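# Results of the structural survey
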Amino acid sequence: MNLHEYQGKEILASHGVRVQRGIVANSPAEAVAAAKELTAQTGTGWHVIKAQVHAGGRGKGGGVKLAKNLQQVEEIAGQIIGMDLITPQTPPTGKRVHKILVAEDVYYPGESETSEFYISVLLNRGKGRNMIMYSTEGGMDIEEVAEHTPERIFTEEIDPAVGLQGFQARRIAFNLGLSGNAFKEMTIFIAALYKAYVDSDASMFEINPVLKTSDNKILAVDAKVVLDDNALYRQKKYAEMRDVLEENPIEVEAKEVGLNYVDLDGTVGCMVNGAGLAMATMDLIKYAGFEPANFLDVGGTADAKRVETAFRIILKDPNVKAILINIFGGIVRCDRVAQGVVDAYKNMGDTIKVPIIVRLQGTNAELAKEIIDNSGMPILSATQFQEAADQVKAALA
């Protein structure tokens, strides 16, 4: 589950991480009020207006701007709220901005130059360990740094038996070229950041940039946080941070009815049971020369009601030109699935205007094929993988 910047900063601050302070606003008027309150709290004279969307690269898309007075706060807030922000991490049409973060200016003059760093905590899936990835090249796309100057990226792996050790935090601060109070501040920052990551059951905390201020403080200017969906049952307060406005509405609807659905860009809708078979089915569609329109796993049950719900969700995508149902009858019998497909088709009447190809294999597969073939419905049946692929190809020819 993705979080907004302000939500990620709330988690960080609650674990003792120093952050760039800010107040959320939903309108230009609220932005001005937030700026006044922030000035009273922090003494900041300038304010940074940040679009709150689940995407990186907001600055490049015009979603992060500096306001030097209250009039500019109101003007910039009016420009950003309601805009369709386009970044390298959004769909081509962009993401609608519903709220902004009015943040303090932390790039104030002082005794030393400011410095920006990149720091993230994530899981190294290859080794089954958490790791801290960091670089002196903060404020830049880490992908660009990895491609052009990989020697500037460091990693620190964490032994799960003992957790983050003090010498590791000190090594990170040393590799970032820090000394004196900034060095001490960074070691405290790293320890608190890692604790926030573990305690919140996150799969990623990415802070870009981490700033060394002109008076040698270390703080998080940004926060991109992803929480592990599988752990939300024990993170109730964080589960409430979910913003469905940032998610695909079809995926949200599917989740509410217990279906695993991921929207894709192709034209062939997929209805399967089991993630492995779903991946194989998408490969089959691509092998036939087409692109899958979705990943949809109906799970271990596929009665008429569940199949009908899956049909309606798939057909919400206007790009779908055909639907391939690929079910292995292990837990669920193929004849029950076939009857469910036929009943769902009858219930939906003329709603279904695209070809339906059903490939059932496993328990009672032959009986299932008879049910489909004798239903009188315009449903194509198959028992073999290649046969299903050929029927998809013929239907879309």
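Quantities reported herein were computed from a predicted structural model and do not represent experimental measurements.

## Topic: unusual backbone geometry
- The amide bond that connects asparagine 208 to the next residue, proline 209, takes the cis arrangement and shows omega of 10°.
- Here proline 209 shows up in strand S10 (residues 202–212).
- Positive phi outside glycine occurs at aspartate 201, with the angle close to 55°.
- Note on placement: aspartate 201 falls in the loop between helix H6 (180–199) and S10.
- For asparagine 216, which is not glycine, the phi dihedral falls at a positive 65°.
- Inspection of the secondary structure assignment puts asparagine 216 in the loop between S10 and strand S11 (218–220).
- By relative accessible area, which is 17% here, asparagine 216 ends up buried.

## Considerations on the domain arrangement of the protein
- Taken domain by domain, the protein holds domain 1 (1–20 + 109–246), domain 2 (21–105) and domain 3 (249–396).
- Relative placement of domain 1 and domain 2: their C-alpha centres are 22 Å apart.
- Each partner contributes residues to the interface: domain 1 has 15 residues there, and domain 2 has 18 residues.
- Note on domain 1 versus domain 2: buried area summed over both sides is about 1,400 Å², and carbon and sulfur give 43% of it.

## Overview of the nonpolar core
- Ranked by size, the top nonpolar core spans 39 residues in total, and within it Leu12, Ile119, Ile132, Met186, Phe189, Ile190 and Phe205 carry the most contacts.
- The element best represented in this core is H6, accounting for nine residues.
- Residues in contact with isoleucine 132, not counting those within four places in the same chain, are Ile119, Ser120, Val121, Phe154, Thr155, Glu156, Ile158, Leu164, Ile172, Ile190 and Tyr194.
- Ranked by size, the runner-up nonpolar core spans 36 residues in total, among them Val298, Ile325, Ile352 and Leu360.

## Describing the sheet that holds strand S6 (residues 100–104)
- Spatial ordering of the open sheet is given by S1-S6-S2-S3, a layout of four strands whose pairing is antiparallel. The sheet is open, and its two edges are formed by strand S1 (22–25) and strand S3 (64–67), each paired on a single side. Going from strand to strand, the sheet's axes swing by 25° on average, the running direction of each strand aside.
- In this structure, strand S2 (residues 47–51) lies alongside S3, joined through four bridges in antiparallel fashion. Residue valine 48 lies in a different strand from S3, and its bridge partner there is leucine 66.

## Let's talk about the UniProt feature "binding site: substrate" (unreviewed entry) in the protein
- The residues that UniProt annotates with the feature "binding site: substrate" (unreviewed entry) are Asn273, Gly330, Ile331 and Val332. Despite a sequence span of 60 residues, these residues sit close together in the fold, their greatest C-alpha distance being 10.0 Å.
- Mapped onto the fold, glycine 330 is located in the loop between strand S16 (322–329) and helix H11 (334–348).
- On the basis of relative accessible area, isoleucine 331 is assigned to the exposed category, the value being 80%.

Calculation rules
Residues numbered from 1 in each chain as written. Predicted model: local features only at pLDDT ≥ 70, side-chain atom pairs only at ≥ 80, totals over all residues. Heavy atoms only, no water. Helix = DSSP H or I, 4+ residues; strand = E, 2+ residues; numbered from the N terminus. Buried < 20%, exposed > 50% of the residue type's maximum accessible area, 1.4 Å probe, protein only. Domains from an automatic or database assignment. Contact = heavy atoms within 4.5 Å. Buried area = accessible area lost by both parts, 1.4 Å probe. Core = buried A, V, L, I, M, F, W, Y, C linked by side-chain atoms within 4.5 Å. Pairing = 2+ DSSP bridges. Axes fitted to C-alpha atoms, helices over the stretch in contact; angles between N-to-C directions. UniProt positions renumbered as here; feature names shortened; annotations may be inferred.

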